[in-house]
Amino acid sequence: MNTTPAPKQPQISPCQWLNSVTPCPQWLGYPTRLSLPINLDWSGDSAVPEIGSRVHIHMNGFGPAVVRAYFHADGYLGVICQPDEMPDWYQKQAPGVTLGHFFGRELEPRRPQSPQQLAQPVPNCQAEGVATATAQDWIPEYPPQEEPDDNQDSGEYPEHPGDEQRDQ
């Protein structure tokens, strides 16, 4: 029997955090980007959608949705969206939840990277001496190996029937 409570509905703050001494909390929705910290990264290639605009959430098959608020987490800007219809798997996982947190990359179709894209250095990585991936970077498939015997000494030291440790 599953006793885990259902996830909470994402919250949207009715007020702005303008001129506030304390920073606005992460994962809480805000009706304007003015309430959020400056210099947040948007992970998508397209522009940040406006509140009330229609978007398509490609991640995990959520589909069409309406942007209801903005939020931030770990230096990234995100949007709280209300999908037209929650996927079946999500309705089972979080019954009653109608809003979700999404980042820019999740609003775009997945684009697998080619080996040529992997070989391109990330900006500023070469200057900082950080290693970058190349098309030759891959993990080889090793042949299956026979499982080692975890009781290798069983022939040398047979179990004694009157083992004191087992009689306790």
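A. The arrangement of the packing of aromatic side chains in detail. Enumeration over the complete set of coordinates arrives at eight aromatic pairs. Taking the centre distance of 5.1 Å and the plane angle of 75° together, the rings of F62 and F102 count as edge-to-face. A residue pair is termed long-range when its members are at least 10 positions apart, and F62 in the loop between strand 1 (54–57) and strand 2 (63–73) and F102 in strand 4 (residues 100–103) qualify at 40 residues. Judged on exposure class, the residue F62 and its partner F102 are both buried. Through pairs of rings, three or more aromatic residues link up here, namely W27, F71, Y76 and F103.

B. The arrangement of the pairing of strand 4 in detail. Residues G100 and F102 point to one face of strand 4 and are all buried, whereas H101 and F103, pointing to the other face, are not buried. Where strand 3 (residues 76–83) meets strand 4, four bridges bridge the pair, whose relative direction is antiparallel. The residue bridging V79 from the neighbouring strand is F102, located in strand 4.

C. View of the nonpolar core. Counting residues in each nonpolar core, the largest one holds 21 residues, and the members touching the most others are I57, V79, C81, F102 and L107. Every element with two or more residues in this core is listed here: strand 1, strand 2 and strand 3. If we ignore the near neighbours within four places in the chain, the residues touching F102 are I57, M59, F62, F71, G78, V79, C81 and L107. Counting five residues, the second-largest nonpolar core is a separate cluster that includes A69, F71, A73 and L99.

D. Layout of the pairing of strand 3. The element strand 3 is largely enclosed, with a buried count of six among its eight residues. Here strand 2 runs beside strand 3; their pairing, made up of eight bridges, is antiparallel. Its bridge partner being in strand 3, A65 is matched across the sheet by P83. In textbook terms, the turn of a hairpin is the stretch between consecutive antiparallel strands, and for strand 2 and strand 3 this stretch comprises two residues, one of which, D74, has a positive phi near 50°.

E. Molecular detail of the environment of S46. Its place among the elements puts S46 in the segment before strand 1. For the pair S46 and R105, spaced 59 residues apart in sequence, the C-alpha to C-alpha distance is 9.1 Å.

F. Spatial organisation of the pattern of salt bridges. As enumerated under the stated definition, the model contains two salt bridges in all. One salt bridge in this structure joins D84 and R54, with 2.6 Å as the shortest N-O distance. One end of the pair, D84, is in the loop between strand 3 and helix 1 (88–93); the other, R54, is in strand 1, with 30 residues separating them in the sequence. Across the salt bridge formed by E108 and R105, the nearest N and O atoms sit 3.5 Å from each other.

Definitions and limits used
- Residues numbered from 1 in each chain as written.
- Predicted model: local features only at pLDDT ≥ 70, side-chain atom pairs only at ≥ 80, totals over all residues.
- Heavy atoms only, no water.
- Phe/Tyr/Trp six-rings, centres within 6.5 Å; stacked < 30°, edge-to-face > 60°.
- Helix = DSSP H or I, 4+ residues; strand = E, 2+ residues; numbered from the N terminus.
- Buried < 20%, exposed > 50% of the residue type's maximum accessible area, 1.4 Å probe, protein only.
- Pairing = 2+ DSSP bridges.
- Core = buried A, V, L, I, M, F, W, Y, C linked by side-chain atoms within 4.5 Å.
- Contact = heavy atoms within 4.5 Å.
- Salt bridge = Lys/Arg side-chain N within 4 Å of Asp/Glu carboxyl O.

Nothing here speaks to function; it is geometry throughout.
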